[in-house]
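Each chain is listed here by its residues.
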Amino acid sequence: MTRRIYLVLLVFSLTAVTAWAEPKDEYTRLARLSYIEGNVSYQHSADDDWSAASVNLPLEPGDRIYTGHDGRAEIEFEDGSLYRLGRNTDIEILSLREERIQLRILVGLSTLIVGSDTDVEINTPAAAFTALRKGTYRFGVNENGDSDASVRKGELEAANNYF
């Protein structure tokens with residue numbers, strides 16, 4: 001009987017240690033703010049308050065970046081891809097996994113330069129856009145949620161939320 005109790009306790013202990021050791025939001029790609037001009041703010045996923053952003057700020061899933069009326073910013077990914085934010089732009093980083101980078105534009109104008117074969121998805125209130133290869137892509141989201149995208153070089157796949 002005592003051996004069974006010890007065995008049960010050992011199993012529960014190992015289960016608890018394994019659950020504690022697993023990362024909650026696993027991500028493998030690195031991203032940082034590489035350029036800032038004017039007013040740029042950020043909010044980490046665990047924070048309620050916004051703070052002034054700075055160059056080389058490391059970014060992780062759940063973080064938001066907002067550029068004010070005179071602000072611009074650039075996010076650099078370790079594969080060489082760049083994401084440039086225009087004035088009055090609000091974005092959220094959804095995923096930085098090896099197989100996919102996902103970003104959400106809440107409002108504003110931005111440019112994505114994909115520098116590798118990384119799968120990059122841009123979500124907007126009206127549609128999701130996936131860059132299918134290296135290239136330069138521009139996205140716009142109005143205050144009412146209307147979204148548009150243009151391809152300067154490359155290939156883009158679009159899926160809207162209305163089907």
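Here the structure is shown first, and the text comes after it.
The structure displayed is predicted, hence computed values, not measured ones.

With respect to the nonpolar core
Ile65, Ile75, Tyr83 and Leu112 are the most contacted members of the largest nonpolar core, which has 29 residues in total. Of all the elements, strand β9 (residues 101-114) adds the most residues to this core, at 5 residues. Sequence-distant contacts of Tyr83, that is, excluding residues within four places in its chain, are made with Ala73, Glu74, Ile75, Phe77, Ile91, Leu103, Ile105, Ser110, Thr111, Leu112 and Ile122.

What to know about the pairing of strand β6 (residues 72-77)
Note: strand β1 (residues 31-37) against β6, 6 bridges, orientation antiparallel. If you follow Ala31 over to β6, its bridge partner there is Phe77. Across 4 bridges, β6 lies against strand β7 (residues 82-85) in antiparallel orientation. Paired with Ile75 across the bridge in β7 is Tyr83. The hairpin formed by β6 and β7 contains 4 residues between the paired strands, and Gly80 there has a positive phi angle of roughly 100°.

A word on the pattern of salt bridges
Scanning all chains against the criterion turns up 9 salt bridges. Residue Arg100 is joined to Asp119 by a salt bridge in which the shortest nitrogen-to-oxygen separation is 2.7 Å. Of this pair, Arg100 sits in the loop between β8 (90-96) and β9 while Asp119 sits in the loop between β9 and β10 (120-123), and the two are 19 residues apart along the sequence. Residue classification places Asp119 among the partly exposed positions, given a relative accessible area of 22%. Notably, a salt bridge pairs Arg100 with Glu121, separated by 2.8 Å at the nearest N-O pair. Here Arg100, found in the loop between β8 and β9, pairs with Glu121, found in strand β10; they are 21 residues apart in sequence, far enough to count as distant. Counted as one network, the salt bridges with shared partners bring together Arg29, Glu78 and Glu98.

Observations concerning the pairing of β10
Each regular strand shows side chains that alternate between the opposite faces of the sheet. Side chains of β10 alternate between two faces, with Val120 and Ile122 and Glu121 and Asn123 buried alike. Hairpin connection, β10 to strand β11 (residues 127-131): the antiparallel pair is bridged by 3 residues.

Some details on the packing of aromatic side chains
Applying the stated rule across the entire model yields 1 aromatic pair. Between Phe129 and Phe139 the ring centres are 5.6 Å apart and the planes differ by 50°, which places this aromatic pair in the tilted class. Taken as a pair, Phe129 in strand β11 and Phe139 in strand β12 (residues 135-141) lie far apart in primary sequence, 10 residues in all.

Here we look at the side chain of Ser34
With respect to the helices and strands, the residue Ser34 is situated in strand β1. Not counting chain neighbours up to four residues away, the residues in contact with Ser34 comprise Val55, Glu74, Ile75 and Glu76.

Quick notes on the side chain of Thr89
Assignment of secondary structure puts Thr89 in the loop between β7 and β8. Owing to a relative accessible area of 0%, Thr89 belongs among the buried residues under this scheme. One polar contact links the side chain of Thr89 to the main-chain carbonyl oxygen of Gly86, over a distance of 3.0 Å. Engagement of the side chain of Thr89 in a polar contact is seen with the backbone nitrogen of Leu109, the distance being 3.1 Å.

Observations concerning unusual backbone geometry
Of note in the backbone geometry, Asn56 takes a positive phi value of approximately 75° without being a glycine. With respect to the element layout, Asn56 can be found in the loop between β3 (51-52) and β4 (58-59). Positive phi, close to 55°, is recorded for Asn88, a residue that is not glycine. Residue position: Asn88 is located in the loop between β7 and β8.

What counts as what
- Residues numbered from 1 in each chain as written.
- Predicted model: local features only at pLDDT ≥ 70, side-chain atom pairs only at ≥ 80, totals over all residues.
- Heavy atoms only, no water.
- Core = buried A, V, L, I, M, F, W, Y, C linked by side-chain atoms within 4.5 Å.
- Buried < 20%, exposed > 50% of the residue type's maximum accessible area, 1.4 Å probe, protein only.
- Helix = DSSP H or I, 4+ residues; strand = E, 2+ residues; numbered from the N terminus.
- Contact = heavy atoms within 4.5 Å.
- Pairing = 2+ DSSP bridges.
- Salt bridge = Lys/Arg side-chain N within 4 Å of Asp/Glu carboxyl O.
- Phe/Tyr/Trp six-rings, centres within 6.5 Å; stacked < 30°, edge-to-face > 60°.
- Polar contact = N/O pair within 3.5 Å; in protein donor to acceptor, adjacent residues only side chain to side chain.

Note that all results are geometric; they support no functional claim without further evidence.
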